[in-house]
Amino acid sequence: MDRMDRLSEITNELHQVVTHSITSENRQETIDEISDLLEKRQQLLEEIKPPYTEKEKEVGQSLLPKNQEIQVRLESIFTQVKNDMGALKKKKSSNTKYTNPYQNLSNFDGMFLDHKK
């Protein structure tokens, strides 16, 4: 199998994975699959060096629009994960404040501290 055919196959598979809807239940499996495909694709891209044949140029040109769409979808997935992590951090913080609301108060109220030695 030609190196560009393999690249095209992996890119198409990656495109299919990122275009499927990602729910909170299947997010981790999908991210793992995306990561594996990106690693394989990166290895193939490192193997592909000039000079390019006409067929390789055609395949490369046909992959550019899919690559742009993949990039946009990956950015949206990243944003979604980042927002979920922020919400989880906020929820954890509010949970801690609820269980111990006086944790952050100063312990030095009404107490004299002499700083001289």
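Preceding this section is the structure that the text describes.
Now for a look at the structure at hand. (Residues numbered from 1 in each chain as written. Predicted model: local features only at pLDDT ≥ 70, side-chain atom pairs only at ≥ 80, totals over all residues. Heavy atoms only, no water.)

### Focus on a negative patch on the surface
1) Next: A cluster of acidic side chains, namely E9, E13, E29, D32, E33, D36 and E39, defines a negative patch on the protein surface.
2) Next: Those elements giving two or more residues to the negative patch turn out to be α1 (3-19) and α2 (27-47).
3) Next: It is α2 that contributes the most residues to the negative patch, five residues altogether.
4) Next: Relative to the helices and strands, E29 resides in helix α2. (Patch = residues over 30% accessible without salt bridge, like charges linked within 9 Å, V, L, I, M, F, W, Y side chains within 5 Å. Areas by Shrake-Rupley, 256 points an atom, 1.4 Å probe, with all protein chains shown as cover. Salt bridge = Lys/Arg side-chain N within 4 Å of Asp/Glu carboxyl O. Lys, Arg positive; Asp, Glu negative; His and termini not counted. Charge placed at Lys NZ, Arg CZ, Asp CG, Glu CD. Helix = DSSP H or I, 4+ residues; strand = E, 2+ residues; numbered from the N terminus.)

### A look at the layout of surface pockets
Left-over empty space is what a probe sized like a water molecule reveals as it rolls over the atoms.
1) Next: Empty space within the largest pocket amounts to approximately 260 Å³.
2) Next: Forming the walls of the largest pocket are 14 residues, and the residues nearest its centre are M4, L7, L45, G60 and L63.
3) Next: Where the lining of the largest pocket is concerned, the elements lending two or more residues are α1, α2 and α3 (54-99).
4) Next: Looking at which element gives the most residues to the lining of the largest pocket, the answer is α3, with seven residues.
5) Next: Here the lining of the largest pocket is built from residues that sort into seven nonpolar, four polar and three charged.
6) Next: Broken down by secondary-structure element, the contributors of at least two residues to the lining of the second largest pocket are α2 and α3. (1 Å grid on protein atoms, 1.4 Å probe; cavity = no way out; pocket = protein on both sides within 12 Å on 5 of 7 lines; lining within 4 Å. Points joined across faces, edges and corners; volume = space filled by probe spheres on them. Nonpolar A, V, L, I, M, F, W, Y, C, P; charged D, E, K, R; others polar.)

### Notes on the pattern of salt bridges
1) Next: Counted according to the given criterion, the structure contains five salt bridges.
2) Next: Taking the shortest distance from any N to any O, the salt bridge between E56 and R3 comes out at 2.9 Å. Of the two residues, E56 sits in helix α3 while R3 sits in helix α1, which places them 53 residues apart along the sequence.
3) Next: On the basis of relative accessibility, which here comes to 7%, the residue E56 falls in the buried class.
4) Next: Of the charged contacts in the structure, one is a salt bridge between D84 and R27, with a shortest N-O distance of 2.5 Å. (Buried < 20%, exposed > 50% of the residue type's maximum accessible area, 1.4 Å probe, protein only.)

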